Amino acid sequence: MKTPLALTSLFTLAAFGIAAEPAKNAPAISTAPPPLTGEWKKQQLTDKFWAEGACVGDVNKDGKMDILSGPYWYEGPDFTKRHTIYQMEKSFTVKKQDGTEEKIEGFEGFLSGKNAYSNNFISYAYDINGDGWVDYVVIGFPGQETFWFENPKGKDEPWQRHTILASTDNESPMFVDITGDGKPELLCMNGGFIGYAEADWSHPEEPWKFHAVSPKGSYAKFTHGIGYGDVNGDGRIDILESKGWWEQPAKWDGVTPWTFHPAPFGGGGAQMYAYDVNGDGKADVITSLAAHGYGLAWFEQTADGWTKHLITGTQPGEGETGIIFSQIHAIDLVDMNGDGLKDIVTGKRCWAHGPGGDPEPNAPHVLYWFELKREGGKATFIPHIIDDNSGVGTQVMAADVNGDGKLDVVVGNKKGVFVHTRK
């Protein structure tokens, strides 16, 4: 019988003589994950904590996908050879049960039994300067800088760093096309505003310009929930937040705030998406309700407003899947099975606030994809478990890592870096 992950976590800590404390005032309500089906193969590239995200790109132009996470990239197709992107001297010491000490590289995280944070929250691979080589975008700790690192074109040396934005607020910024020009912008918050940073693509090495779409408000570095999509079907991308959505005008002067439409999209989750879930021609909104709590939902756009449909619950008896887990701090929306419908990839973040913070921090760190089905104008989500001992970070990414035409899933978090491939 497989050891439950809550116990596995404690056994791992005990190996270093560390006791994990249960979260205070946090009743256990999560459901036990179903047995793994054997459909997925898990490869742990490292057990060190360097980043809360990971991304995929062909770094060395050999036709094989590589994985980038933290200060390193791992060479495909086997991901056993590690290369440095930027220098990062970070380590900690743990005392083992026999009294000896061990020095471990990386930030303190799962291996230390203590809470810590990396300076790399979310990352993307994209050819920023148009030279044909994939570069590396790093969104740092909330409120701090976002960089892009310039690929040295096959040379095994540290990559040159360029600043995108000096201060990037929100815990789930996204690197997506907001303007419709086919190039990505940095969707985030900055200085109390919600908006996006845009490059001068003739000089992308210069700091990018932030465009505020809102009046100044209470948006801050630890604000939760941000996303995008065409909410009203006018062909333009709108911006989502937990309290509603901002409508992109047909012609924008770059100064006047976009029109705000209040909507109850939860108390602040992770990445948010506007997508027609039930196929009625109107965009709905997919989000987690609370990044450090419970609940994955889609909000149906109707003539009378927004109707909430729980996919995973916030308490026993809720949610169409019957599944409950906390810390839904990362979401990707992709077509996982090639049926033309976008599915949800998400899971439980490992130790968002350490072994004793938030509800059920040591419950199984699950990773799921929820398959969208439509029938008779109704939408349902079928849960498929990928893994029960990795979870997500503040980012999760689905991509075809091994070139077999099927989407795989990469994760970077406080347990290390993982790639989950379909067998």
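Whatever comes next refers back to the structure up there.
Read on for a plain summary of the structure.

Turning to the overall build of the protein chain, a few remarks are in order. Check the secondary structure of the protein chain and you find one helix and 30 strands. The C-alpha atoms of the protein chain give a radius of gyration of 21 Å, which matches the 22 Å a tight globule of 423 residues would have. Principal axes of the C-alpha set define a box for the protein chain whose edges measure 65 × 55 × 45 Å. Here the protein chain, with 423 residues, has 55% of them falling under the buried criterion. Expressed as a percentage of contacts within the protein chain between residues at least 6 apart in sequence, the contacts between residues at least 24 apart total 50%. For the protein chain, the accessible surface area stands at approximately 17100 Å², while carbon and sulfur atoms represent 50% of it. With 37 positive and 57 negative side-chain charges, the protein chain shows a spacing of 5 Å between the two charge centroids.

This part is about unusual backbone geometry. With an omega of 10°, the peptide bond running from Gly76 to Pro77 counts as cis. For Pro77, the position within the fold is in the loop between strand E4 (72-75) and strand E5 (81-84). Positive phi, normally seen in glycine, also occurs at Asn170, with a value near 90°. Following the sequence through the fold, Asn170 ends up in strand E12 (residues 169-176). Since its relative accessible area comes to 2%, Asn170 is described here as buried.

Working definition: two side chains of opposite charge can pair if their charged atoms are close together. The full count for this structure, using the stated rule, is eight salt bridges. Residues Asp47 and Lys48 are paired through a salt bridge, measuring 2.7 Å at the closest nitrogen-oxygen approach. Between Lys282 and Asp280 there is a salt bridge; the shortest N-O distance is 3.3 Å. Given a relative accessible area of 34%, Asp280 falls into the partly exposed group.

This part takes up the pairing of strand E20 (residues 271-275). Of all five residues in E20, five are buried, a share of seventy percent or more. Judged by which residues are buried, E20 turns out to be covered on both faces: Gln271, Tyr273 and Tyr275 on one side and Met272 and Ala274 on the other are all buried. Of the pairings in the sheet, the one linking strand E16 (residues 226-229) to E20 comprises three bridges and is parallel in character. The residue of E20 that forms the bridge with Gly227 is Met272. In the sheet, E20 pairs with strand E21 (residues 284-288) via three bridges, with the strands oriented antiparallel. Across the sheet, Tyr275 pairs through a bridge with Asp284, a residue of E21.

Here His224 lies in the loop between strand E15 (209-212) and E16. Residue classification places His224 among the buried residues on the basis of a relative accessible area of 17%. Only 3.2 Å separates the side chain of His224 from the side chain of Glu171, close enough to count as a polar contact. Within polar-contact distance, the side chain of His224 engages the side chain of His292 at 3.1 Å. Excluding anything up to four places from it in sequence, His224 contacts Asn170, Glu171, Ser242, Gly268, Gly269, Ala291, His292 and His329.

Counting residues in hydrophobic clusters, the biggest one holds 79 residues, and the most contacted among them are Ile67, Tyr136, Ile239, Ile344 and Phe370. Leaving out residues up to four positions away in the same chain, Phe370 has contacts with Leu296, Ile311, Thr312, Thr321, Ile323, Phe325, Asp343, Ile344, Thr346, Phe381, Ile382 and Pro383. Ala330, Met336, Val345 and Ala398 belong to the second largest nonpolar core, which has 15 residues in total.

What follows covers the side chain of Ser123. Checked against the element boundaries, Ser123 lands in strand E8 (residues 122-126). Relative accessible area serves as the criterion here: at 0%, Ser123 is assigned to the buried category. Contacts of Ser123, omitting those with residues within four sequence positions, involve Gly53, Ala54, Cys55, Leu68, Tyr136, Val137, Gln395 and Met397.

The next thing to look at is the packing of aromatic side chains. Under the defined criterion, the tally for this structure stands at 23 aromatic pairs. Three or more aromatic residues link up through ring pairs in this structure, and these residues are Tyr124, Tyr126, Phe175, Trp201 and Trp208. Between Lys61 and the ring centre of Trp133, over which it is positioned, the NZ or CZ distance is 4.8 Å. Lying over the aromatic face of Tyr72, Arg82 brings its terminal NZ or CZ to 3.6 Å of the ring centre.

Moving on, we get to the sheet that holds strand E11 (residues 160-165). Read from one edge to the other, the open sheet built from four strands follows the order E8-E9-E10-E11, with strand pairing classed as antiparallel. Two strands bound the open sheet, and with one partner strand each, they are E8 and E11. Between one strand axis and the next, the sheet turns through 25° on average, direction left out of account. Summarising the sheet, strand E10 (residues 146-150) and E11 pair through five bridges and their orientation is antiparallel. Considered in E11, the bridge of Thr146 is made with Leu165.

Cut-offs applied
In this convention, every chain numbers its residues from 1, walking through the sequence in written order. For this predicted model, a pLDDT threshold of at least 70 governs which residues receive local features, and a threshold of 80 or more governs which side-chain atom pairs are given and counted, while totals over whole chains, interfaces and linings are taken from all residues. Excluded from the side-chain calculation are hydrogens and water; included are all heavy atoms of the structure. Runs of H or I in DSSP of at least four residues are treated as helices and runs of E of at least two as strands, each being numbered from the N terminus. The quantity called the radius of gyration is restricted to C-alpha atoms. Its globule counterpart is 2.2 Å times the number of residues to the power 0.38. Between buried and exposed lies partly exposed: a residue is buried under 20% and exposed over 50% of the maximum accessible area for its type, with that area taken using a 1.4 Å probe on protein chains only. When checking whether two residues touch, look at their non-hydrogen atoms; a contact exists if any pair is within 4.5 Å. A 1.4 Å probe and the Shrake-Rupley method give the accessible areas. Residues count as covered only by the protein chains that appear here. Note that His is not counted, nor are the chain ends; the positive residues are Lys and Arg, and the negative ones are Asp and Glu. Where a charge sits is defined by one atom per residue type, namely NZ (Lys), CZ (Arg), CG (Asp) or CD (Glu). Salt bridges are defined as contacts in which a side-chain nitrogen from Lys or Arg sits within 4 Å of a carboxyl oxygen from Asp or Glu. The pairing criterion for strands is at least two bridges between them, as found by DSSP. Two N or O atoms count as a polar contact when they lie within 3.5 Å, although within protein this holds only if one can serve as hydrogen donor and the other as acceptor, and sequence-adjacent residues are included solely when both atoms are side-chain atoms. What is meant by a nonpolar core is a set of buried Ala, Val, Leu, Ile, Met, Phe, Trp, Tyr and Cys residues, joined one to another through side-chain atoms within 4.5 Å. Side-chain rings of Phe, Tyr and Trp, where Trp is taken by its six-membered ring, are said to pair if the distance between their centres is within 6.5 Å; with planes under 30 degrees apart they count as stacked, over 60 as edge-to-face, and otherwise as tilted. For a ring to carry a charge above it, either NZ of a lysine or CZ of an arginine must fall within 6 Å of the ring centroid while also lying within 35 degrees of the normal to the ring plane. Axis definition: a line fitted to C-alpha atoms, over the contacting stretch in the case of helices. Angles run 0 to 180 degrees between N-to-C directions.

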